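Architecture at a glance
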Amino acid sequence: MDKHIMKSANEAAERIIEWGEAHKIETCFERAEKLKPCPIGEKGACCKVCHMGPCRLVGKNAEEEARGVCGATLPTVAARNLVRMIAAGTAAHSDHARDMVLTLLATATGEAKDFQITDVRKLYRVAGILGIEFEGRPVNDVAKDVALRFLEDYSRQKGEINYAKRAPKKTQERWRKWGIVPRNIDREIAEAMHRTSVGVDHDPDHLLLHGLKTAIADGWGGSMISTDITDILFGTPRPVKAEASFGIFKEDEVNLVVHGHEPSLAEMIVDVASEPEMIAYAKSKGAKGINLGGMCCTANEVLMRHGIPTAGGFTNQELGIMTGLVDALTVDVQCIMPAIAELSKKFHTKIITTSEKAKIPSAVHIEYDEHRAREIAREIVKLACDNYQNRKTEGSHITDKFPVVAGFSHEYIEYMQGGRWRASFRPLNDAIMAGRIRGVVGLAGCDNPRVPSTGIHKYLATELIKNDVLIVSTGCGSAACGTAGYLTPEMALEHAGPGLREVCEAIGIPPILHLGACVDNSRILTILSAMAEEGGLSDEIGGMPGVGIAPEWMSEKAIAIGCYFAASGVPVIFGGESPVGSSEEVTRIMTEVWYERFKGAMHFEPDPEKMLALALDYIDKAREALKLKKYEPGKFGAERVLMDMAARRELERAAKPHIGL
Ligand code: SF4
Ligand code: SF4
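The name an unreviewed UniProt entry gives the protein is anaerobic carbon-monoxide dehydrogenase, with hot springs metagenome as the organism. What UniProt records for the protein under Cofactor (unreviewed entry) is the sentence "[4Fe-4S] cluster". In UniProt, the protein has this text filed under Catalytic activity (unreviewed entry): "CO + 2 oxidized [2Fe-2S]-[ferredoxin] + H2O = 2 reduced [2Fe-2S]-[ferredoxin] + CO2 + 2 H(+)".

What follows is the structure, given as structure tokens:
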């Protein structure tokens, strides 16, 4: 990997950063340079859960000898810290999901008049999984029952969350054996906070098992619920063409950017922005039209359903404002840097907070309420139009952009492998079994100013596909790939190994599939479950030739995601320093012990080359254990012209029905 020190590995971002430096405008990149992480907290060796502390468990033989004032050991403290991160991450995804459930309920009862059920087929699919009768019933009645059933996942005191049963049987058995099937999402979060408070659970393994239980409540609970309801309300994604990077902003139109995570208001803004009255209003202010863009996970939501272009991920939020072209930026919850409010004062951008849960001093607050969604969306669009007239010439005015293809839902991936009537995962499993595809990697998580931002994503994306590894990407990982021009089928021609390229060409897909926002990591869980059910690979999620990587993670949500993948049977590799790196015992539990029990693990590895090697090693060992053909680099390239035509025709016949849709 190119180790040349820069702040962002994205060229356009780097130019904006340089422009900012020349104009004495500070961003997270300078702040990260100035503010080095505390080496004690960074490795999880600091406890501040009571006021006898904070206690720093450091020094020679700290693992065995260091004690807090209460007598807590280093493994206890490190495990407690991690469990609290999981609880916070789970709370974030699942509170977002709760709002989606309440929006579905309000839609079904007619209280949220501006919304409707868009994907009835998906509603029925979900109702079927939940055991809710749907045939011959009014759509809204079914939707109401689905919403009420999901609300039980926030209140049931005993039993199991609804979607635990979606995991392969063997995966469920492992969870039951170790007592980590969640009862309800809120209960596991509350118990995580209780167990980690002063004087409660002190056994690191016992603490971490509850961490996994809480994480499963995120992946197979909150996140999966959010994905499904968002599909029901706004449509299940299918591939769309769009654009990415700062060049999506237009000089002569009102640029309104939706940033954050929850999709409901953003959906309404998309709808409202094309209303003739709104366009006329923009024109009355001197603009030629209204141009919507997205940022972070809200961007992923509206990108994959409407082709709204994305300005990128987490570290692009300040840089977007510094183009000088953003007239208004709406934010709701999660991953919103408070710095944007102060920064916006140097430009003309209006920052609009919209969630009752999140305000930033000096930002305009227009509170979202699903009962008045259209009215509020219009107010926001008008405010952006009004502000167009205040646009100044200051700003970097960067114009780079790349095409992207995004929106590969579980349903679409299934469909593209056999059409509506023969949808399956057979061709994908076969390609893996034959060694055309070596394995699958979920490349996810944040981008981070503490490394050349987006650089490790780019490095791993190109190296993995070169090694015939199919990538599924979500969150800011997919934004990193999109703003680098990697989310196109042409990427397969240029960079993919010959076996992977052959499959991509036959099916007509890019080698990096954009699956959506961070909550849509749940799509990877259901895809893996379907692959297990399809047969020929592992009969559970554990043991699949698949790995999860979050190379530039920063959020507690990423930790929750990593842990639910590990609990589900996926080895996971995170970049950067380990937040439990101070404790050998906790590190051993999260790698060796978890692997033995669940076939998943959680590693922290700062070196990108070692991350790649570890991922390929896991994949090859899984292939060997499954007695699949040994992966041979270049094998299918050599056979490319001589490829068995019958096999090729079979693959194409299975795949082609989607082309042109
Ligand atoms: S709980 Fe124990 S280790 Fe933690 S701050 Fe209090 S005294 Fe220190
Ligand atoms: S990937 Fe990380 S930075 Fe991006 S939206 Fe998700 S949690 Fe936030």
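On to the overall build of the protein. The helix and strand tally for the protein stands at 28 helices and 15 strands. Expressed as a percentage of the 661 residues in the protein, the buried residues total 64%. Relative to all contacts within the protein whose residues are 6 or more apart in sequence, the contacts with residues 24 or more apart total 76%.

To continue, consider the pattern of salt bridges. Per the stated rule, a full pass over the model turns up 49 salt bridges. Put simply, D145 and R137 hold a salt bridge, and the shortest N to O gap is 2.8 Å. Judged by relative accessible area, which is 25%, R137 ranks as partly exposed. Of the charged contacts, one joins E463 and K466 as a salt bridge, the two residues approaching to 3.0 Å between their closest N and O atoms.

What the rule picks out here adds up to twelve aromatic pairs. For the ring pair W19 and F347, a centre distance of 6.2 Å and an interplane angle of 40° mean the geometry is tilted. Here the residue W19 occupies a position in helix α1 (residues 11-22), and F347 occupies one in the loop between α15 (339-344) and β7 (350-353), the gap between them amounting to 328 residues. The exposure classification of W19 matches that of F347, with both residues buried. Note on Y412 and Y415: the rings are 5.7 Å apart at their centroids and 55° apart in plane angle, and the pair reads as tilted. Note that Y412 and Y415 are positioned in helix α17 (residues 410-416) at a spacing of three residues, about one turn of the helix. Residue Y412 shares its accessibility class with Y415, and that shared class is buried. Ring pairing ties together the aromatic residues F408, Y412 and Y415, which thus form one cluster. Over the ring of Y163 we find R166, and its NZ or CZ is 4.6 Å from the ring centre.

Our focus in this paragraph is the nonpolar core. Grouped together as the largest cluster of nonpolar side chains are 173 residues, with contacts concentrated most on V146, W175, I559 and W594. Not counting residues within four places of it along the chain, the set of residues in contact with W594 comprises L208, L212, C563, A566, I589, K599, G600 and M602.

What follows concerns the sheet that holds strand β15 (residues 601-604). Ordered in space as β12-β11-β10-β13-β14-β15, the six strands form an open sheet in which the pairing is parallel. Each edge of the open sheet is held by one strand with a lone partner, namely β12 (512-516) and β15. This sheet shows a mean twist of 20° between the axes of neighbouring strands, independent of strand direction. Note that strand β10 (residues 439-443) and strand β11 (residues 469-474) share five bridges and pair parallel. Along β11, the bridge assignment pairs V440 with L470. Its contacts with the sheet place helix α24 (residues 556-568) against β14 (571-574) and β15, and it is angled at close to 155° to β14.

Right, let's talk about the site of ligand 1 for a bit. Residues in contact with ligand 1, as listed here, are C47, V49, C50, M52, G53, C55, G68, V69, C70, A72, R80 and V198. Tallied by class, residues from the shell around ligand 1 come to nine nonpolar, two polar and one charged.

That bond from G53 to P54 is cis: its omega, 5°, falls within 30 degrees of zero. Checked against the element boundaries, P54 lands in the loop between β1 (46-47) and β2 (55-56). In the Ramachandran plot, D468 falls in the positive-phi region, its phi being about 65° despite a non-glycine side chain. Its location among the elements puts D468 in the loop between α19 (455-466) and β11. Here D468 falls in the buried class, since its relative accessible area comes to 2%. Positive phi is not limited to glycine here, since K599 has a value of about 65°. Mapping K599 onto the fold places it in the loop between α25 (584-598) and β15. Here K599 falls in the partly exposed class, since its relative accessible area comes to 29%.

Take the side chain of T76 next. On the secondary structure map, T76 appears in helix α5 (residues 74-108). Judged by its relative accessible area of 3%, T76 is buried. Those residues in contact with T76 that sit more than four places away from it in its chain are D201, H202, P204 and L207.

Our next topic: the domain arrangement of the protein. A common way to state how big an interface is: give the accessible area lost once the parts meet. You can read the domains of the protein as domain 1 (21-65), domain 2 (74-234), domain 3 (246-388) and domain 4 (408-641). Contacts between the two partners involve eleven residues from domain 1 and, on the opposite side, twelve residues from domain 4. When domain 1 packs against domain 4, the two sides together hide about 890 Å² of surface, and 53% of this comes from carbon and sulfur. Its largest share of buried area at the contact with domain 4, domain 1 owes to E42, K43 and E63, together 55% of the area lost on that side. Across the domain 1-domain 4 interface, the total number found is zero salt bridges. Put simply, domain 1 and domain 4 have eight residue pairs in polar contact (both at pLDDT 80 or more) between them. Counting residues per element, the side of domain 1 that touches domain 4 draws most heavily on helix α2 (residues 28-34), which supplies three residues. Residue composition of the side of domain 1 that touches domain 4, grouped by class: six nonpolar, one polar and four charged.

Right, let's talk about the state of the cysteines for a bit. In total, this model carries zero disulfides according to the counting rule given. Of the cysteine sulfurs around C481, a residue in no disulfide, the closest is that of C476, at 11 Å.

This part takes up helix α18 (residues 426-434). One full turn of an α-helix is made of 3.6 residues, so residues set three or four places apart face in the same direction. Of all the residues in α18, the buried ones are P427, L428, N429, A431, I432 and A434. At the C-terminal side of α18, G435 shows a positive phi close to 90°.

Scoring rules and cut-offs
- Residues numbered from 1 in each chain as written.
- Chains lettered and ligands numbered in written order.
- Predicted model: local features only at pLDDT ≥ 70, side-chain atom pairs only at ≥ 80, totals over all residues.
- Heavy atoms only, no water.
- UniProt positions renumbered as here; feature names shortened; annotations may be inferred.
- Helix = DSSP H or I, 4+ residues; strand = E, 2+ residues; numbered from the N terminus.
- Buried < 20%, exposed > 50% of the residue type's maximum accessible area, 1.4 Å probe, protein only.
- Contact = heavy atoms within 4.5 Å.
- Salt bridge = Lys/Arg side-chain N within 4 Å of Asp/Glu carboxyl O.
- Phe/Tyr/Trp six-rings, centres within 6.5 Å; stacked < 30°, edge-to-face > 60°.
- Lys NZ or Arg CZ within 6 Å of the ring centre and 35° of its normal.
- Core = buried A, V, L, I, M, F, W, Y, C linked by side-chain atoms within 4.5 Å.
- Pairing = 2+ DSSP bridges.
- Axes fitted to C-alpha atoms, helices over the stretch in contact; angles between N-to-C directions.
- Near = heavy atom within 4 Å.
- Nonpolar A, V, L, I, M, F, W, Y, C, P; charged D, E, K, R; others polar.
- Domains from an automatic or database assignment.
- Buried area = accessible area lost by both parts, 1.4 Å probe.
- Polar contact = N/O pair within 3.5 Å; in protein donor to acceptor, adjacent residues only side chain to side chain.
- Disulfide = S-S within 2.5 Å.

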